[in-house]
Amino acid sequence: QVQLVESGGGLVQPGGSLRLSCAASGSIFSIVVMGWYRQTPGKQREVVATITSGGSTNYADSVKGRFTISRDDTKNTVYLQMNSLKPEDAAVYYCNADIRTKWYIGPSEYWGQGTQVTVSS
């Protein structure tokens, strides 16, 4: 089985920074794509940033220039460095990954449990 465990959320003032981490563990052959999503009450979960195994990244327009996604394949970990945080960035952030558990099996999607980010003075 595969697990994604996030860490790094918390309370930060507007303009501050946080770094989220998400470590994948279990039966992993390869991780195709890793990403971060966020959700606020009453709204749909939205993509924040994704990164492929080749290092290609994509960002939501609302976070471009402020957030940076990166991954360390030696640790099966994805990071989200969040700078210049705004109150509207407050949400539960979820880690997502498309993971192959065997070389002959296509990737399956996995989610972390979520970590709360609060941006408030």
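Summary of the structure given here. Source: prediction; values computed, not measured.

As for a nonpolar patch on the surface
- Together, F29, W103, Y104 and I105 make up an exposed nonpolar region whose accessible area comes to about 500 Å².
- Topologically, F29 is positioned in the loop between β3 (18-26) and β4 (30-39).

Here's the deal with the side chain of T77
- As for its placement among the helices and strands, T77 is situated in strand β8 (residues 77-82).
- A distance of 2.8 Å separates a polar atom in the side chain of T77 from the backbone oxygen of K75.
- Beyond its immediate chain neighbours, meaning those up to four positions away, T77 contacts C22, A23, M34, S70, R71 and D72.

Considering the state of the cysteines
- Taken as a whole and assessed by the stated rule, the structure comprises one disulfide.
- Each sulfur of the disulfide joining C22 and C95 lies 2.1 Å from the other. In this structure, the disulfide formed by C22 and C95 twists by about -80° around the S-S bond and is classed as left-handed. Placement of the pair is C22 in strand β3 and C95 in strand β9 (residues 91-100), with a sequence separation of 73 residues. Here C22 matches C95 in class, with each residue buried.

About the thresholds
Residues numbered from 1 in each chain as written. Predicted model: local features only at pLDDT ≥ 70, side-chain atom pairs only at ≥ 80, totals over all residues. Heavy atoms only, no water. Patch = residues over 30% accessible without salt bridge, like charges linked within 9 Å, V, L, I, M, F, W, Y side chains within 5 Å. Areas by Shrake-Rupley, 256 points an atom, 1.4 Å probe, with all protein chains shown as cover. Salt bridge = Lys/Arg side-chain N within 4 Å of Asp/Glu carboxyl O. Helix = DSSP H or I, 4+ residues; strand = E, 2+ residues; numbered from the N terminus. Polar contact = N/O pair within 3.5 Å; in protein donor to acceptor, adjacent residues only side chain to side chain. Contact = heavy atoms within 4.5 Å. Disulfide = S-S within 2.5 Å. Buried < 20%, exposed > 50% of the residue type's maximum accessible area, 1.4 Å probe, protein only.

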